[in-house]
Amino acid sequence: MTTLLIAEHDHETLKDSTNKALTAASQLGGDVHVLVAGGGQGTKAAAEAAAKLAGVSKVLVAEGPAYEHDLAEPLAALIVALAGGYDAFVAPATSRFKNVMPRVAALLDVMQVSEIIKVVAPDTYERPIYAGNAIQTVKSKDAKKVITVRTSTFAAAGEGGSAAIENAASAADPGLSTFVGEEVAKSDRPELTSAKIIVSGGRAMQSRENFAKYIEPLADKLGAGVGASRAAVDAGYAPNDWQVGQTGKVVAPELYVAVGISGAIQHLAGMKDSKVIVAINKDEDAPIFQVADYGLVADLYQAVPELTEALGKLGK
Amino acid sequence: MKVLVPVKRVVDYNVKVRVKSDGTGVELANVKMSMNPFDEIAVEEALRLKEAGKATEVVVVSIGPAQASETIRTALAMGADRGILVKAEGNVEPLAVAKILKAVVEAEQPGLVILGKQAIDDDSNQTGQMLAALLGWSQATFASKLEVEGSDFKVTREVDGGLQTIKLKGPAIVTTDLRLNEPRYASLPNIMKAKKKPIDDKSVADYGVDVTPRLEVLKTAEPAGRKAGVKVKDVAELVNKLKTEAGVL
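Residues numbered from 1 in each chain as written. Chains lettered and ligands numbered in written order. Predicted model: local features only at pLDDT ≥ 70, side-chain atom pairs only at ≥ 80, totals over all residues. Heavy atoms only, no water.

(A) Summary view of the overall build of chain B. Of regular secondary structure, chain B possesses seven helices and 13 strands. With the C-alpha coordinates aligned to their principal axes, the bounding extent of chain B is approximately 65 × 45 × 40 Å. Taken across its 249 residues, chain B has 52% of its residues classed as buried. A separation of at least 24 residues holds for 71% of the contacts in chain B among residues at least 6 apart in sequence. (Helix = DSSP H or I, 4+ residues; strand = E, 2+ residues; numbered from the N terminus. Buried < 20%, exposed > 50% of the residue type's maximum accessible area, 1.4 Å probe, protein only. Contact = heavy atoms within 4.5 Å.)

So, in structure tokens, the structure goes:
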């Protein structure tokens, strides 16, 4: 069997989510080819990076304006045009591929398996349902498999390969949608889904200013990404793309520091696979303490600056 | 322009689901059921389009057991004009749902279909994209803003790292994200009025769609638990534990 892994990249560099999805793709047992579709020069660099990953036997490159802005229709058409040669299609469950892969699956008359967390057998996978409150084991009866991978549960594949790079056969752009613009938050902080450390704030932060005054300095001291609970995002204290939780991003860093977050099921579903969880909350009965490795019952407005300062003394 | 809104009956989002001890699924007996929250946002958006004079009729469709008519009534009480219930027993997967919806779309000819981005029971996040594929229509998932431009649409989408705005050639499929709007509550007079609104009864057989599941569910289990750790007395102890015990600093 041969698997086509569709690469996540930002049109300059390959994203870590590709390395993680590669681990899942390799576990299916067949050869793994990687498709890098994008617009502009950066696509080639991303393809070269993909060719170096351990376990990749071929890289296909599709470069063209239709792939520059991740529009679903042309990318799905491209993957379907390549489908004849593949038994499985794997992509990380990022917003790009949550958008594209079901379109591919329907065009192939396949029922997609969304956000797998484990490969049990080449046709059998585990996936969370009900916001992670239950884990389902499903076996796909379709001839071709279409799978998205929850990247936080797979280790990143390393380098060590030297795959050939070829141009992918082109596909016509259905021309159904056009790109108008984007607002991408530019930040020097690591992205949430690949950050080793995350500091998140909840409703108790009370304002956007307090996020900037308390959460961000602590995050910067730790070289951490900044997250937020849904309550904090809904209240306007933090931007949408900071949201950690079932309806936001699912993360699993080495260290997750939850500040002023009560621990709603919604939020826990997005961070409970973190290796070490620290909770700072003045309510000692907050549910977040039931999952935290280290709980500090304290007023965050005193504890967080103290923690930031203590880390500074450690030379952080 | 007619707007079609598919809605799903799911376990209420406030209910803590329990996995059955024999591993065959989650406990659904005597559990409160409601409209999928993302679908409520879809209904609300369609109603706002109608109130703004952009849409002429809002039709709600649900695929599921007879009780799914209650979910349709909820949408009618919010203000939708009429409903279609496609009766189906057991688990109908997103691909089969999309095939049934395709047939409904072909019969109803809407200019726009608005769906929730995912149902909070199976968390698949597939149906809208699949429907768009089967119809050969444009799609915009995870919408946080929707504007009508003639027969086309401008949609702002929530994507990793920020927001993306795209233009869709109509007819189109849009799926809702949390921040598109805040759904209204149905008023008592509207709940009474909704009882008189028509719901068309259909069955899967009327559409000739094979709904045999493609995924066989082998097992449903509780997730691995996480134990509560220790409480530390102050910041100094926290830093010390993180450094020496957890080794993450």
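(B) Region of the structure containing unusual backbone geometry. Omega for the bond connecting Gly170 of chain B with Pro171 of chain B falls within 30 degrees of zero, at -5 degrees, which places this linkage in the cis form. On the secondary structure map, Pro171 of chain B appears in the loop between strand 9 (162-168) and strand 10 (172-176). Its identity as a non-glycine residue notwithstanding, Glu115 of chain A has a phi of 50 degrees, on the positive side. Among the structural elements, Glu115 of chain A can be located in strand 5 (residues 113-116). Classification of Glu115 of chain A by relative accessible area gives buried; the value is 14%. A positive phi angle, close to 60 degrees, is found at Asn125 of chain B, a residue other than glycine. As for its placement among the helices and strands, Asn125 of chain B is situated in the loop between strand 6 (112-116) and helix 4 (127-135).

(C) Region of interest: the nonpolar core. Of all hydrophobic cores here, the largest spans 88 residues; its most connected members are Leu35, Val59, Ile79, Val100 and Met101 of chain A. In this structure Val100 of chain A touches Ala72, Leu75, Ala76 and Ile79 of chain A, once residues within four positions along its chain are discounted. (Core = buried A, V, L, I, M, F, W, Y, C linked by side-chain atoms within 4.5 Å.)

(D) The environment of Thr178 of chain A, seen in detail. Mapped onto the elements of the fold, Thr178 of chain A is located in strand 11 (residues 177-184). Take Thr178 of chain A: its relative accessible area is 45%, and that puts it in the partly exposed class. Separated by 44 residues in sequence, Thr178 of chain A and Leu222 of chain A have C-alpha atoms that sit 40 Å apart. Setting aside residues up to four positions removed in sequence, Thr178 of chain A forms contacts with Leu71 of chain A together with Ile166 and Lys167 of chain B.

(E) Just empty space enclosed by the protein, in detail. For the coordinates displayed, the defined rule picks out four cavities of 30 Å³ or more. Tallied by class, residues from the lining of the largest cavity come to four nonpolar, one polar and four charged. (1 Å grid on protein atoms, 1.4 Å probe; cavity = no way out; pocket = protein on both sides within 12 Å on 5 of 7 lines; lining within 4 Å. Points joined across faces, edges and corners; volume = space filled by probe spheres on them. Nonpolar A, V, L, I, M, F, W, Y, C, P; charged D, E, K, R; others polar.)

(F) A look at the pairing of strand 1 (residues 2-6) of chain B. Residue and element names in this part refer to chain B. The element strand 1 is largely enclosed, with a buried count of five among its five residues. Burial along strand 1 is two-sided: Lys2, Leu4 and Pro6 facing one way and Val3 and Val5 facing the other are all buried. When strand 1 meets strand 4 (residues 57-64), the two strands line up parallel, connected through five bridges. Among the inter-strand pairings, Lys2 is bridged to a residue of strand 4, identified as Glu57. In this sheet, strand 6 lies alongside strand 1 in parallel orientation, the contact comprising two bridges. Its bridge partner lying in strand 6, Leu4 is registered against Val113. (Pairing = 2+ DSSP bridges.)

(G) Here's a closer look at the pattern of salt bridges. Within this structure, the stated rule accounts for 37 salt bridges over all chains. For Glu309 of chain A, the salt bridge identified is with Lys313 of chain A, shortest N-O distance 3.5 Å. Pair noted here: Glu309 of chain A and Lys313 of chain A are both in helix 8 (residues 300-313), with a separation of four residues, about one helical turn. Taking the relative accessible area as the measure of exposure, Glu309 of chain A reaches 48% and is therefore partly exposed. A relative accessible area of 69% means that Lys313 of chain A is categorised as exposed. Here the salt bridges share partners, and the residues they tie into one network are Asp109 and Asp142 of chain A together with Lys99 and Arg214 of chain B. (Salt bridge = Lys/Arg side-chain N within 4 Å of Asp/Glu carboxyl O.)

(H) Representation of a nonpolar patch on the surface. A grouping of Leu188, Ile191 and Met192 of chain B is seen on the molecular surface, where their side chains present a nonpolar patch of about 280 Å² in accessible area. Within the secondary structure, Met192 of chain B is located in helix 5 (residues 188-194). (Patch = residues over 30% accessible without salt bridge, like charges linked within 9 Å, V, L, I, M, F, W, Y side chains within 5 Å. Areas by Shrake-Rupley, 256 points an atom, 1.4 Å probe, with all protein chains shown as cover.)

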